[in-house]
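Given next are the chains, with one letter for each unit.
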Amino acid sequence: MESHQAQSISILYNLAMTMAGETRPRPLATVMLQQFLAHTGCACGALLLDARQIDDATGAEARIYAAIGNPALSALEGQRARWPADLLQSDHASASPGWFPGGARYPHALNLILPDCGHILLFAAQPLEGAARQAKKLFPPILAKFARSLRLCLDSERQQAALLEAKDAAEAANRAKSTFLANMSHEIRTPMNAIIGLTYLLGQEIETPKQRESLLKINDAAQHLLGILNDILDLSKIEAGRLILEETDFRLVQVIDHTFSLLGERAAAKGLRLTRAIAPEVPARLHGDVLRLRQILLNFAANAIKFSESGQIAVRARLDEQDSDSVLLRIEVEDQGIGLTPAQQARLFEAFVQADGATTRQYGGTGLGLAISRRLARLMGGDVGVASTYGSGSTFWVTARLGKVASEQTEPNFASEPAISVEQTLAQRYRGTRVLLVEDNPVNQEVARALLENAGLAVDVAGDGQEAVAKVQASDYALVLMDMQMPVMGGVEATEAIRRLPGKSALPIVAMTASAFDEDRRCCLAAGMNDYIGKPVAPENLYRTLSVWLPVAVGDDPAARGPEAAETAAMGPARRGAAEAGPLSAEERARARETLLRLEHFLAEDDTRANEIWFEAGPLLEAALGPAAARLRGEIDRFDFDKALLTVRAALESNGVRKV
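Because the structure is predicted, anything quoted here is derived from the model rather than measured.

Caption draft 1: Here's a closer look at the packing of helix α6 (residues 252-269) against helix α7 (residues 290-306). Packing of α6 against α7 leaves a shortest axis separation of 10 Å and a crossing angle of 35 degrees. The interaxial crossing formed by α6 with α7 has right-handed handedness. Two secondary-structure elements touch here, α6 through Leu252, Val255, Ile256, His258, Thr259, Leu262, Leu263, Arg266 and Ala267 and α7 through Val290, Leu293, Arg294, Leu297, Leu298, Ala301, Ala302 and Ile305. Looking at the contact of α6 with α7 residue by residue, the classes come out as 13 nonpolar, two polar and two charged.

Encoded structure:
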């Protein structure tokens, strides 16, 4: 008995070491079969799971989970097979002739029962009475331990398989949702492009006050619908983890003032005052995603105006925390409006939730803005919240982790001149320039053509990509506006075909599409397009983009008038008057061009370091730009970087200096 106990302990030790650390059920089963074969002297074996009795005539059925030691037996692995009833009911029995080719090679079988799991069948050429007696004495604790380990491994495998299946299902659902949103966005933006575009065109023709008021209401409704659509897409991007923060340097005072400039007219119409207060400890310049911070502030301030009938809207900024590299900025927006109950406050920042049904009916809205604000704030390392007294007003707050900016210089305060509209500038510089409009929707063709012709451009139209390729091959165009989703040939295929045409590799091609996701923009650029305009097309955005990519203005070729004229025109037509007073040296002209290129970079990134460049190089730029310098100075001072970028690029492009 002591010998048997010692042998059992030795076997248990060996098997325990075999099982240690193994969590995969199939490798564990294979190694254990090897150990049992070694201790019993059998030749081959199989592990059976899910064994069940069928009837007396046909015996039992089981799934062969693992098998080793013989090719014929291993070939059954993973299959369900029937076994004689007496084999699974006794310790050992004669093997069935059908199990192995030839039938007589392994005529004996040993049955080891795995508690609550199945069976281990070991096959041998010799009778197994001795092995069966030894198994009864030594193997029960070993089989129990092996069964527990195998069950744990099998359960873990099933759970992992279930998790992978659930993950795949969730990803499939998310892809389906994204596809649905992309399709719905495209379908909604296409008719909205016609509504907004035709409203803009009618507004230029109609003078009657009552009719103009109706047009303004149509435009406001369209912009409101567009805002809802953008909110839904923003929420989808955040939930899918596809929204990436873009960090730049900015001035908080300009962010607040820019928000006030957008909402000032709406507040004044209700008799509300907008005020701001920034604590002295808040750095003048910070580093972070200024666009998303502005989006949150704009949402809070717009809501404050919406839910207030009198009093003031106060925006305050202070620091909650700071260290050597960063600050936790806190911005509060306080109103004296209708206020919120505690129950309303508790669910206010959930998606698609407003204070209550009555609020939705009276004031409108989807409840998405605050949900998006919370998600954006958390992406920036902060949070949002509200403190409110019902009937007395609310204070919404947001915190964000922002970087400190080392150098801080005082921004000059220049007076500004009225800026010429983008459309007027385009008409003055590019009248008669031929462009190709590629658009399959007849109404959108009409809208885009009218907008382009209003700016003095000569427009040809193609109804699909294949026609566009033929027209580009047959004629010379200064620029192509390309829709993306068209019959016959889409925008991507057409762009790739145009790029393969001789002499067309540098032809500016600008996508004009209702597809609104970031991957759509990347697809356009990867196909060889130069830029991207989303639908519905804002006329000013269209004109700004055209001004960036159109070539030198018709009839204004500085190089054709000799070296001195070319150098004088390098900074644009406005420079010629300044050149008569005292032309710049070649070194000064080179420095001016380099400075403008730096300024262009910061303006394109909405980076407030543009103010510093002007502060450092203002006199040089004034000498180089002439009268246009005052306009540029005013645009930068007003934080109107889009118009300033247009002015800088016009100066650079007038001499063919372009950043591609």
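Caption draft 2: Expanded view of the sheet that holds strand β17 (residues 509-513). Strand order across the open sheet formed by five strands is β15-β14-β16-β17-β18, with parallel pairing between neighbours. Either end of the sheet is taken by a strand with one partner, and the two such strands are β15 (458-462) and β18 (531-534). Along the sheet, successive strands turn relative to each other by an average axial angle of 20 degrees, direction set aside. Both strand β16 (residues 479-482) and β17 contribute to a ladder of three bridges, which runs parallel. Each residue of the ladder has a partner; that of Met482, found in β17, is Ala511. Running at roughly 160 degrees to β15, helix α12 (residues 442-454) makes contact with β14 (434-438), β15, β16 and β17 of the sheet.

Caption draft 3: Quick peek at the pairing of strand β12 (residues 384-389). In this structure, β12 lies alongside strand β13 (residues 393-404), joined through six bridges in antiparallel fashion. Bridge pairing in β13 links Val386 to Phe396. Counted along the chain from β12 to the antiparallel partner β13, the turn is three residues long, and its residue Gly391 has a positive phi close to 90 degrees.

Caption draft 4: Molecular detail of the nonpolar core. Grouped together as the largest cluster of nonpolar side chains are 43 residues, with contacts concentrated most on Leu252, Leu293, Phe300, Leu329, Ile331, Phe396 and Leu402. Top element by residues in this core is α7. It accounts for nine residues. Excluding anything up to four places from it in sequence, Phe300 contacts Val333, Leu370, Ser373, Val384, Phe396, Trp397 and Val398. Ala29, Tyr65, Ile68 and Leu128 belong to the second-largest nonpolar core, a separate cluster that totals 32 residues.

Caption draft 5: Representation of unusual backbone geometry. Here the phi dihedral of Asp116 falls at roughly 60 degrees; this positive angle occurs in a residue that is not glycine. As for its position among the elements, Asp116 is in the loop between β5 (108-114) and β6 (118-124). In this structure Asp116 comes out as exposed when scored by relative accessible area, which is 72%. One non-glycine residue, Val488, lies in positive phi territory at about 70 degrees. Mapped onto the elements of the fold, Val488 is located in the loop between β16 and α14 (491-499).

Reading guide: rules and limits
- Numbering of residues starts from 1 in every chain and runs along the sequence as written.
- pLDDT decides what is reported in this predicted model: residues at 70 or higher carry local features, side-chain atom pairs at 80 or more are listed and counted, and totals for whole chains, interfaces and linings draw on all residues regardless.
- With hydrogens and water set aside, each side-chain value is computed from the structure's full complement of heavy atoms.
- Inter-axis angles, ranging from 0 to 180 degrees, are taken between N-to-C directions of lines fitted to C-alpha atoms, where helices are fitted over the stretch in contact.
- Only DSSP runs of H or I reaching four residues or more are called helices, and only runs of E reaching two or more are called strands; each is numbered from the N terminus.
- Take the far helix as your reference; a near helix turned counterclockwise from it by less than a right angle gives a left-handed crossing, and one turned clockwise gives a right-handed crossing.
- Whether two residues are in contact is decided by their heavy atoms, any of which lying within 4.5 Å being enough.
- Side-chain classes follow a simple rule in which Ala, Val, Leu, Ile, Met, Phe, Trp, Tyr, Cys and Pro form the nonpolar group, Asp, Glu, Lys and Arg form the charged group, and the remainder, Gly included, forms the polar group.
- Two strands make a pair as long as DSSP finds a minimum of two bridges between them.
- Think of a nonpolar core as a cluster: buried Ala, Val, Leu, Ile, Met, Phe, Trp, Tyr and Cys residues, connected wherever their side-chain atoms sit within 4.5 Å.
- Note on classification: 1.4 Å probe, protein chains only; a residue is buried when its accessible area is under 20% of the maximum for its type, exposed when over 50%, partly exposed between these limits.

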